[in-house]
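Descriptive analysis of the structure
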Amino acid sequence: MAKKKIPNIAARFGPRYGASLRKRWNLVMLKKLSKYECPQCMHKKVEWVSVGIWRCRKCGYTFAGGAYEPFLTHKVR
Ligand SMILES: [Zn+2]
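Residues numbered from 1 in each chain as written. Predicted model: local features only at pLDDT ≥ 70, side-chain atom pairs only at ≥ 80, totals over all residues.

Notes on the nonpolar core
Grouped burial of nonpolar side chains is what soluble globular proteins tend to show. Core analysis: the largest hydrophobic core is formed by five residues, namely Cys38, Val46, Trp48, Trp54 and Cys56. Among the secondary structure elements, those contributing two or more residues to this core are strand E1 (46-50) and strand E2 (53-56). Ignoring any residue separated from it by four or fewer positions in sequence, one finds Trp48 in contact with Lys32 and Trp54. (Core = buried A, V, L, I, M, F, W, Y, C linked by C-beta atoms within 7 Å. Buried ≥ 20, exposed ≤ 12 C-beta atoms within 10 Å, placed from the backbone. Helix = DSSP H or I, 4+ residues; strand = E, 2+ residues; numbered from the N terminus. Contact = placed C-beta atoms within 7 Å.)

In structure tokens:
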């Protein structure tokens, strides 16, 4: 199976800011821009509002989550 291609939206920066930084920025921005499933109405309509704030375009449910993902991936101790 062919490797799934990740769109490079950091291409707008050209050769600037360093390759590893552009790569990290690209992955964060792709997470931020993609739609997620709403925990209330189960529709895939949750959008990023600002850092840590997410809103569902279907039912208007607004909630706090991760900065660039609506859920936290790391364990909070
Ligand atoms: Zn919803």
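Picking up where we left off.
A closer look at the sheet that holds strand E3 (residues 62-64)
The strand order across the open sheet built from three strands is E1-E2-E3, with neighbouring strands paired in antiparallel fashion. The two strands at the open ends of the sheet, each matched to only one other strand, are E1 and E3. Recorded for the sheet is a direction-independent mean angle of 35 degrees between the axes of neighbouring strands. Across three bridges, E2 lies against E3 in antiparallel orientation. In the strand pairing of E3, Ile53 is matched with Ala64. (Pairing = 2+ DSSP bridges. Axes fitted to C-alpha atoms, helices over the stretch in contact; angles between N-to-C directions.)

Quick word on the pairing of E1
With four bridges connecting them, E1 and E2 associate as antiparallel partners. Bridge assignment links Val46 to a residue of E2, and that residue is Cys56. Linkage of E1 to E2, two consecutive antiparallel strands, is achieved through a turn of two residues, within which Gly52 is found at a positive phi near 85 degrees.

Side note on the environment of Val46
With respect to the element layout, Val46 can be found in strand E1. The class of Val46 is buried, set by 25 C-beta atoms lying within 10 Å. Each C-alpha atom, one on Val46 and one on Gly18, is 32 Å from the other, the two residues being 28 residues apart in sequence. Apart from the residues within four sequence positions on either side, Val46 is in contact with Lys35, Tyr36, Glu37, Cys38, Trp54, Arg55, Cys56 and Pro70.

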